[in-house]
Amino acid sequence: MTTTRRHRELRENQTCQLHLFDVATRSATVVAEFDHLLYEAPNWSADGQTLYLNGEGDLWAFALESPNKPRRVEYAGLPGINNDHVLDPRGDAIFMSASDGQIYHGALEGGSVRRVTSEDGVWHFLHGVSPDGATLGFVRMVDFNHPGRLALVPSAGGAVTVVETGPGHVDGPEWSPDGAWIYFNTENWASQPGHAQLARVPNENPVADKVERLISATTVDWFPHLAPNGSLAVYLQYAEGTVSHPADREVELVLVETADWSTPLARVPAFGGQGTINVNSWSPDSTRFAYVSYPIGQ
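Predicted, not measured: the structure shown is a model, and the values here were computed from it.

Reading guide: rules and limits
Residues numbered from 1 in each chain as written. Predicted model: local features only at pLDDT ≥ 70, side-chain atom pairs only at ≥ 80, totals over all residues. Heavy atoms only, no water. Helix = DSSP H or I, 4+ residues; strand = E, 2+ residues; numbered from the N terminus. Rg over C-alpha atoms; globule rule 2.2 N^0.38 Å. Buried < 20%, exposed > 50% of the residue type's maximum accessible area, 1.4 Å probe, protein only. Contact = heavy atoms within 4.5 Å. Areas by Shrake-Rupley, 256 points an atom, 1.4 Å probe, with all protein chains shown as cover. Pairing = 2+ DSSP bridges. Axes fitted to C-alpha atoms, helices over the stretch in contact; angles between N-to-C directions. Salt bridge = Lys/Arg side-chain N within 4 Å of Asp/Glu carboxyl O. Core = buried A, V, L, I, M, F, W, Y, C linked by side-chain atoms within 4.5 Å. Polar contact = N/O pair within 3.5 Å; in protein donor to acceptor, adjacent residues only side chain to side chain. Phe/Tyr/Trp six-rings, centres within 6.5 Å; stacked < 30°, edge-to-face > 60°. Lys NZ or Arg CZ within 6 Å of the ring centre and 35° of its normal.

**Points about the overall build of the protein**
Part 1 of the argument: The helix and strand tally for the protein stands at zero helices and 24 strands.
Part 2 of the argument: Compactness check: the protein gives a C-alpha radius of gyration of 18 Å against a globular reference of 19 Å for 298 residues, within 12% of the reference.
Part 3 of the argument: If one aligns the C-alpha atoms of the protein with their principal axes, the spans along those axes are about 50 × 40 × 35 Å.
Part 4 of the argument: Within the span of the protein, comprising 298 residues, buried residues form 57% of the whole.
Part 5 of the argument: Excluding contacts between residues fewer than 6 apart, the proportion of contacts in the protein whose partners are at least 24 apart in sequence is 46%.
Part 6 of the argument: Accessible surface, the protein: about 12,100 Å² in total, of which carbon and sulfur atoms supply 48%.

Here is the structure:
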């Protein structure tokens, strides 16, 4: 697989806005805005002081005390990364999916990287790290003409386990904070192509007949992200009929309690989709989550 540095770019008259949503006040604040570079997919640092996003194929650190001045994290030998990156639970490193299809591990201050995955010619789109840091959950794709499968690999490297979850495309797998469940979106119940719905499967013995559907809706729902407290979650909702998770759409971020996914606590409209909230962006204290929008002509 050829290594490239593909990355998304802003369109004419488009800006990139970084938001923080406060759960208590049910309000969102734009904390930074850019008209020259497109950033995606916030991760929150363990100390709650920094956000990590990708842009131009690199990882960037946004100190919340000065979010309009992001710092590029310099890595040696790392191909361009995409918007699938998750912090190592230790808090000092990060796992990143790259444009060569592989997953890498590197310190948050930069430097050398370690390639985690070993299978060439296959795409590995990282979304989750188990709470103990021992296992990565990713979407395994032979090519873009075949559905993605839920797959697991030791974070130290090793054999990949493909989890059977049903016939439909799977995306966005991540663990619950207690490690008991793997949450994801799936087209397992789709009546039309692209109709993703939210689901979970037990971490122990994850097999297709144990997949639970979290909500039944006509909308297209992606990326269930649980807060560290385990009682709240947010996910990305597209309009009915949307195929996959495209960019530059009117979407909503839906805040729910994990005890009741069918009753939204809040709906947060945004112009975005791809890049908005691909990975978990909850603050460590579960009081806020970050997301990105990409308005045009505002």
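Read on, since the account is not over.
**Examining the sheet that holds strand S15 (residues 161-163)**
What holds strands together in a sheet is hydrogen bonding between their backbones, with the strands either parallel or antiparallel.
Part 1 of the argument: Spatially, S12-S13-S14-S15 is the arrangement adopted by the four strands of the open sheet, whose pairing is antiparallel. Each of the sheet's edge strands pairs with one partner strand only, and the pair in question is strand S12 (123-129) and S15. Going from strand to strand, the sheet's axes swing by 35° on average, the running direction of each strand aside.
Part 2 of the argument: Taken together, the six bridges between S12 and strand S13 (residues 135-141) define a ladder with antiparallel strand orientation. Residue pairing across strands places Phe-125 opposite Val-139, the latter belonging to S13.

**Remarks on the pattern of salt bridges**
Part 1 of the argument: In total, this model carries eleven salt bridges according to the counting rule given.
Part 2 of the argument: A salt bridge links Glu-212 to Arg-200; the shortest N-O distance between them is 3.1 Å. In this pair, Glu-212 is assigned in strand S19 (residues 212-213) and Arg-200 in strand S18 (residues 197-202), connecting sequence segments twelve residues apart.
Part 3 of the argument: Residue classification places Glu-212 among the partly exposed residues on the basis of a relative accessible area of 33%.
Part 4 of the argument: Note on Arg-200: relative accessible area 19%, which makes it buried.
Part 5 of the argument: Several salt bridges converge on common partners, so that one network encompasses Glu-56, Asp-58 and Arg-72.

**Here's the deal with the nonpolar core**
Part 1 of the argument: Residues Leu-236, Leu-253, Trp-282 and Phe-289 are the most contacted members of the largest nonpolar core, which totals 21 residues.
Part 2 of the argument: Those elements that place two or more of their residues in this core are strand S20 (220-226), strand S21 (232-238), strand S22 (249-257), strand S23 (266-272) and strand S24 (288-293).
Part 3 of the argument: Examining the composition of this core, we find that four residues originate from one element, S21, more than from any other.
Part 4 of the argument: Not counting residues within four places of it along the chain, the set of residues in contact with Leu-253 comprises Val-234, Tyr-235, Leu-236, Ala-266, Arg-267, Val-268, Thr-276, Ile-277, Phe-289 and Tyr-291.

**Overview of the side chain of Ser-97**
Part 1 of the argument: With respect to the helices and strands, Ser-97 occurs in strand S9 (residues 93-98).
Part 2 of the argument: Look at Ser-97 and you get buried, because its relative accessible area is 0%.
Part 3 of the argument: Looking at Ser-97, its side chain comes within polar contact range of the main-chain oxygen of His-124, at 3.1 Å.
Part 4 of the argument: With sequence-adjacent residues up to four places away left out, Ser-97 is seen in contact with Ile-81, Asn-82, Asp-84, Gln-102, Ile-103, His-124, Phe-125 and Leu-126.

**Digging into the packing of aromatic side chains**
Part 1 of the argument: Summed over the entire model, instances satisfying the criterion amount to 13 aromatic pairs.
Part 2 of the argument: Ring centres of Trp-123 and Phe-125 lie 5.6 Å apart, and the angle between their planes is 0°; on these two criteria the pair is classed as stacked.
Part 3 of the argument: Judged by its relative accessible area of 13%, Phe-125 is buried.
Part 4 of the argument: Grouped by ring-pair contacts, the aromatic residues Phe-21, Trp-282, Phe-289 and Tyr-291 constitute a single cluster.
Part 5 of the argument: A cation over an aromatic ring shows up here: Arg-8 above the ring of Tyr-294, its NZ or CZ 5.1 Å from the ring centre.
Part 6 of the argument: Between Arg-200 and the ring centre of Trp-181, over which it is positioned, the NZ or CZ distance is 3.5 Å.

**As for the environment of Leu-87**
Part 1 of the argument: Relative to the helices and strands, Leu-87 resides in strand S8 (residues 81-87).
Part 2 of the argument: Distance from Leu-87 to Ala-46, taken between C-alpha atoms, is 8.5 Å for residues 41 residues apart in sequence.
Part 3 of the argument: Setting aside its immediate chain neighbours within four residues, Leu-87 contacts Asn-43, Trp-44, Ser-45, Ala-46, Tyr-52, Ala-93, Ile-94, Leu-108 and Val-129.

It is worth stressing that arrangement in space is one thing and function is another; only the former is reported here.
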